[in-house]
Amino acid sequence: PHLAALVLARGGSKGIPLKNIKLLAGVPLIGWVLRAATDAGVFHSVWVSTDHDEIEKVAKQFGAQVHRRSPEVSQDSSTSLEAIREFLNHHHEVDIVGNIQATSPCLHPSDLIKVADLIQKEGFDSVFSVVRRHQFRWSEVKKGENKMTEPQNLNPAKRYRRQDWPGELYENGSFYFAKRHLIEKGYLQGGKMAYYEMRAEHSVDIDIDIDWPIAEQRVLSFGYFGKEPLKEVKLLVCSIDGCLTNGRIYVTEDQKEMVSYDYRDLVGIDLLKKRGIQVRLISDRDCSKTLSAMQLGCIAKVSATNKLQVLEDWQKDIGLSWKEVAYLGNEESDVECLKKAGMSGVPADACAVAQKAAGYICKSSGGCGAIREFAEHIFLLLEKVNSARKQ
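Every residue gets a number counted from 1 within its own chain, in the order that chain's sequence is written. Under the rules for a predicted model, residues below a pLDDT of 70 receive no local features and side-chain atom pairs below 80 are neither given nor counted, while totals for whole chains, interfaces and linings still include all residues. Only hydrogens and water are set aside when side-chain values are computed; all heavy atoms of the structure are taken into account.

Some details on the overall build of the protein
Starting at the N terminus, helices and strands are each numbered in turn, a helix being any DSSP run of H or I of at least four residues and a strand any DSSP run of E of at least two. What the protein contains, in helices and strands, is 13 helices and 17 strands. Categorising residues by exposure relies on relative accessible area from a 1.4 Å probe, with only protein chains included: less than 20% of the type maximum marks a residue as buried, more than 50% marks it as exposed, and the intermediate range marks it as partly exposed. Within the protein, the fraction of its 391 residues that count as buried is 50%. Contacts were defined at the residue level, with two residues in contact if any of their heavy atoms lie within 4.5 Å. Intrachain contacts of the protein at a sequence separation of at least 6 include 65% that bridge at least 24 residues. Here the Shrake-Rupley method, with its probe set to 1.4 Å, supplies the accessible areas, and only the displayed protein chains count as covering residues. Accessible surface computed for the protein: about 19700 Å², of which carbon and sulfur atoms make up 47%. Charge counting follows a simple rule: Lys and Arg are positive, Asp and Glu are negative, and His as well as the terminal groups are ignored. For the purpose of locating charges, the reference atoms are NZ of Lys, CZ of Arg, CG of Asp and CD of Glu. Charge-centre separation for the protein: the mean point of 52 positive side chains lies 5 Å from the mean point of 52 negative side chains.

Printed below as a string of structure tokens:
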């Protein structure tokens, strides 16, 4: 049976405009679940249903196919079921839909693989995600009512210790898998049903549970970053024009060039060095005089006609794997380097093809703190690497 992953992503949002493609830890929100769905390897197709051009572009960047949903199912009042039924009406090859919520960025492929087995091998008609919570519930007393609250799931005289109570299962909204015949009858849950219990740290719902900065910390700690495990970064290579500087060149009357840079970026470079990470600079033009004036103390290669070749030479000379190399670039000439490096980033104002190739998109523009921001991102990921080692 054809199992399709389907992410519903309307352009409209009452809370955060274009929330589904807002950057979360340097990756568009929808990108986290699309990466997990693709790497799970259990879906015959991965789709995004949207009514917005920008969301369509991001979806395709992450390898998803796009279903353009109609205005009728793109309203604030439209339900997920309506959008899924419309999708099935246009895709008769699909037998099972795995509806994955874009707002669940800590989803891992391992979860999706196990759920696919429940549907395809164990014969369940629908499977949905839950999380275990240890919360005592009490009845609500509305204002003006003359009555007392009552316990719902506990005896106050014999309160459980957390370790002695198994807790309760709650839907967390991360995904709903269902067979076509159920959906066509108007159900996402029905027939032979099963729940799939997710780990609490992977159960992040931005719509309900969490603020954006907190979500970024959760994703950096518990998110899925790709098939290969993260390694400790030992070399950062940074493009000079457009990353270290803002890309502008000022020419004086006596034909001398001047550029500007941000002191925060110099601090970022210094912090990287103190953590034992080499920092090297690269440019496709001759800016040796400018670098000399900056006195950064970094190895640099200027007039580089082939940046990838320079990067490969450095990587081999130092004896590093690609996973130990980070690259910050902003132009088409950086794209192949961004694809090769184990950790890649671009400033906020990088060109479109560079943004598409990067794993992290800074909030800061080139020459305005992008290196310092990318350094902070590297430090956070290194914490994740060290935590995994301890475990």
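Overview of helix α3 (residues 80-90)
Residues of α3 that are buried include every one of Ala83, Ile84, Glu86, Phe87 and Leu88, and no others. Lining the buried residues of α3 we find β1 (3-9), β4 (45-50), β5 (65-68), β6 (96-100) and α5 (180-184).

A word on the domain arrangement of the protein
Per the domain assignment, the segments of the protein are domain 1 (3-134 + 166-222) and domain 2 (235-389). Domain start and end points were adopted from an automatic or database domain assignment. Averaged C-alpha coordinates put domain 1 and domain 2 at centres separated by 35 Å. Contact residues are listed per partner, giving 10 residues for domain 1 and nine residues for domain 2. Salt bridges are identified by distance alone: a Lys or Arg side-chain nitrogen within 4 Å of an Asp or Glu carboxyl oxygen. Our count for the domain 1 to domain 2 interface comes out at one salt bridge. Between Glu216 and Lys363 there is a salt bridge; the shortest N-O distance is 3.7 Å. Nitrogen and oxygen atoms within 3.5 Å of one another constitute a polar contact, given that in protein one can donate a hydrogen and the other can accept it, and given that sequence-neighbouring residues count only through two side-chain atoms. The tally of links between domain 1 and domain 2 comes to zero residue pairs in polar contact (both at pLDDT 80 or more). Of all the elements, helix α6 (residues 212-222) adds the most residues to the side of domain 1 that touches domain 2, at five residues.

Things to note about the sheet that holds β5
Two strands are said to pair when DSSP picks up at least two bridges between them. Read from one edge of the open sheet, seven strands run β5-β4-β1-β6-β8-β7-β9, paired in mixed fashion. Bordering the open sheet on either side are β5 and β9 (193-197), each of which pairs with just one other strand. Strand after strand, the sheet turns through a mean of 30° between neighbouring axes, direction not considered. Axis lines are fitted through C-alpha atoms, for helices just across the contact stretch, and the angle between N-to-C directions can take any value from 0 to 180 degrees. Lying over the sheet, helix α2 (residues 53-61) contacts β1, β4 and β5, oriented at roughly 160° with respect to β5. Along the sheet, helix α4 (residues 109-120) contacts β1, β6, β7 (126-133), β8 (168-179) and β9; its crossing angle with β8, the most-contacted strand, is approximately 65°.

Some points on the packing of helix α1 (residues 29-40) against α4
One can describe the packing of α1 onto α4 by two numbers: an axis separation of 8 Å at closest approach and a directional angle of 55°. Classified by the interaxial angle, the pair formed by α1 and α4 is oblique. When the axes of α1 and α4 are compared, the crossing they make is right-handed. Across the interface between the two elements, Ala36, Ala37, Asp39 and Ala40 from α1 touch Pro109, Leu112 and Ile113 from α4. Split by residue class, the contact of α1 with α4 holds six nonpolar, no polar and one charged. We call two directions roughly parallel when the angle between them is under 35 degrees, roughly antiparallel when it is over 145, roughly perpendicular when it lies between 65 and 115, and oblique otherwise. Here a crossing is taken to be left-handed if its near helix is turned anticlockwise relative to the far helix by less than a right angle, and right-handed if that turn runs clockwise. Each residue receives one of three labels: charged for Asp, Glu, Lys and Arg, nonpolar for Ala, Val, Leu, Ile, Met, Phe, Trp, Tyr, Cys and Pro, and polar for the others, Gly being one of them.

Side note on the sheet that holds strand β10 (residues 235-239)
Sheet strands pair via backbone hydrogen bonds, and the direction of the pair is either parallel or antiparallel. The strand order across the open sheet formed by six strands is β14-β13-β10-β15-β16-β17, and the pairing between neighbours is parallel. Looking along the sheet, the strands with just one partner apiece sit at the ends: β14 (299-301) and β17 (360-361). Both strand β13 (residues 278-282) and β14 contribute to a ladder of three bridges, which runs parallel. Among the inter-strand pairings, Ile282 is bridged to a residue of β14, identified as Lys301. Against the sheet, helix α10 (residues 307-318) touches β10, β13, β14 and β15 (325-328), its axis set at about 155° to β13.

Quick notes on the pairing of β15
One face of the sheet, then the other: side chains in a regular strand alternate in exactly this way. Burial along β15 is two-sided: Val325 and Tyr327 facing one way and Ala326 and Leu328 facing the other are all buried. Relative to β15, β10 runs parallel, the two being bridged by four bridges. If you follow Leu236 over to β15, its bridge partner there is Ala326. With three bridges joining them, β15 and strand β16 (residues 343-346) adopt parallel strand pairing. Along β16, the bridge assignment pairs Tyr327 with Ser344. When the strands point away from the viewer and the path from the first strand over the helix to the second turns clockwise, the crossover is right-handed. After leaving β15, the chain enters helix α11 (residues 335-340) and then returns to the sheet as β16, a path that is right-handed.

Here's the deal with the confidence of the model for the protein
Averaged over the protein, the pLDDT score is 89; the fraction of residues at 70 or greater is 96%. Of all helices and strands in the protein, the one with the weakest mean pLDDT is strand β12 (residues 257-258) (73), whereas β6 scores best (97). pLDDT runs from 0 to 100 and stands for how confident the predictor is about each residue.

Section: the side chain of Ser239
By the element assignment, Ser239 lies in strand β10. Since its relative accessible area comes to 3%, Ser239 is described here as buried. Beyond its immediate stretch of four places on either side in the chain, Ser239 contacts Leu244, Ile282, Lys307, Leu328, Gly329, Asn330 and Asp334.

Overview of the pattern of salt bridges
Per the counting criterion, the structure on display carries 21 salt bridges. Residues Lys339 and Glu336 are paired through a salt bridge, measuring 3.9 Å at the closest nitrogen-oxygen approach. Residue Lys339 and its partner Glu336 are both found in helix α11; the two are separated by three residues, about one turn of the helix. Overall, the relative accessible area of 41% leaves Glu336 in the partly exposed class. A salt bridge links Arg372 to Glu376; its shortest N-O distance comes to 3.2 Å. Linking Arg372 with Glu376, this pair stays in helix α13 (residues 370-390), spanning four residues, or about one helical turn.

With respect to the nonpolar core
Grouped together as the largest cluster of nonpolar side chains are 43 residues, with contacts concentrated most on Phe374 and Ile378. The residues contacting Phe374, other than those within four sequence positions of it, are Leu236, Ala326, Tyr327, Leu328, Met343, Ser344, Gly345, Tyr360 and Cys362. Ile21, Val48, Ile55 and Ala64 belong to the second-largest nonpolar core, a separate cluster that totals 37 residues. Residues belong to one nonpolar core when they are buried, are Ala, Val, Leu, Ile, Met, Phe, Trp, Tyr or Cys, and are joined through side-chain atoms within 4.5 Å.

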